[in-house]
Amino acid sequence: MGNWRDGRGTLTVGAGAEIGAEAGVEVGVEVGLEIAASYGARRRGLLGRDGIDGALLITPCGSVHTFRMRFAIDVAYLDRELTVLDVHTLRPGRLPPPRWRARHVLEAEAGAMAGWGLRVGTRVGVRTAE
């Protein structure tokens, strides 16, 4: 992906995610996605919310915190190719160590990523809404 902008899109997890549905490859799980690429959107993240339907992609990003969060979240650290480097579930008030190779962070409600089959080594695809 080239230049990222704030907006919405679709996250594809699983079969064919790196190629995409338009290539005729079987697609795995598709999830609604919010993209936070501007300084303000990245800084705000999920603060002040009671939940999220789908996922939030924060880019560029190598670390997150859950101070002042109202709910537990799943956090996946992604590299430049959108391959999952690490996945954690964080309760509010936590500060995990940064992941040095991470370029993007994916956040969702706790337990959601396991339901999508997202784990270390999974490659995801992002399709932005035009």
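Located above this text is the structure these notes cover.
Residues numbered from 1 in each chain as written. Predicted model: local features only at pLDDT ≥ 70, side-chain atom pairs only at ≥ 80, totals over all residues. Heavy atoms only, no water.

Draft legend 1. Representation of the pattern of salt bridges. Counting across every chain of the model gives 5 salt bridges. Between Arg-8 and Glu-34 there is a salt bridge, with the nearest N and O atoms lying 3.9 Å from each other. With Arg-8 in strand S1 (residues 7-13) and Glu-34 in strand S2 (residues 29-36), this residue pair connects regions lying 26 residues apart in the sequence. Judged by relative accessible area, which is 56%, Arg-8 ranks as exposed. With its nearest N and O atoms 3.4 Å apart, the salt bridge here joins Arg-127 to Glu-30. Of this pair, Arg-127 sits in strand S7 (residues 124-128) while Glu-30 is found in strand S2, placing the two residues 97 residues apart along the sequence. (Salt bridge = Lys/Arg side-chain N within 4 Å of Asp/Glu carboxyl O. Helix = DSSP H or I, 4+ residues; strand = E, 2+ residues; numbered from the N terminus. Buried < 20%, exposed > 50% of the residue type's maximum accessible area, 1.4 Å probe, protein only.)

Draft legend 2. Quick peek at the sheet that holds strand S4 (residues 73-78). What the 7 strands build is an open sheet, ordered S5-S4-S6-S3-S2-S1-S7; its pairing is mixed. What marks the edges here is a single partner per strand, and that holds for strand S5 (84-90) and S7. If you compare each strand with its neighbour and ignore which way they point, the axes differ by 30° on average. One ladder, built from 5 bridges, connects S1 with S7; its direction is antiparallel. Bridged to Thr-12 within S7 is Gly-125. (Pairing = 2+ DSSP bridges. Axes fitted to C-alpha atoms, helices over the stretch in contact; angles between N-to-C directions.)

Draft legend 3. Structural context of the pairing of S5. Sheet topology note: the S4/S5 ladder contains 6 bridges and is antiparallel. Each residue of the ladder has a partner; that of Leu-78, found in S5, is Val-84. Hairpin connection of S4 to S5: 5 residues between the antiparallel strands, including Leu-82 at a positive phi of 65°.

Draft legend 4. Layout of the pairing of strand S3 (residues 55-58). Burial along S3 is two-sided: Ala-55 and Leu-57 facing one way and Leu-56 and Ile-58 facing the other are all buried. The pairing of S2 with S3 spans 4 bridges and is classified as parallel. Pairing of Leu-33 across the sheet is with Ala-55, part of S3.

Draft legend 5. The nonpolar core, seen in detail. Judged by nonpolar contacts, the single largest core of 20 residues is most densely connected at Leu-11, Leu-33, Leu-106, Trp-116, Leu-118 and Val-126. Looking at which element gives the most residues to this core, the answer is S2, with 3 residues. Residues Ala-36, Phe-71, Ile-73 and Val-75 belong to the second largest nonpolar core, which totals 16 residues. (Core = buried A, V, L, I, M, F, W, Y, C linked by side-chain atoms within 4.5 Å.)

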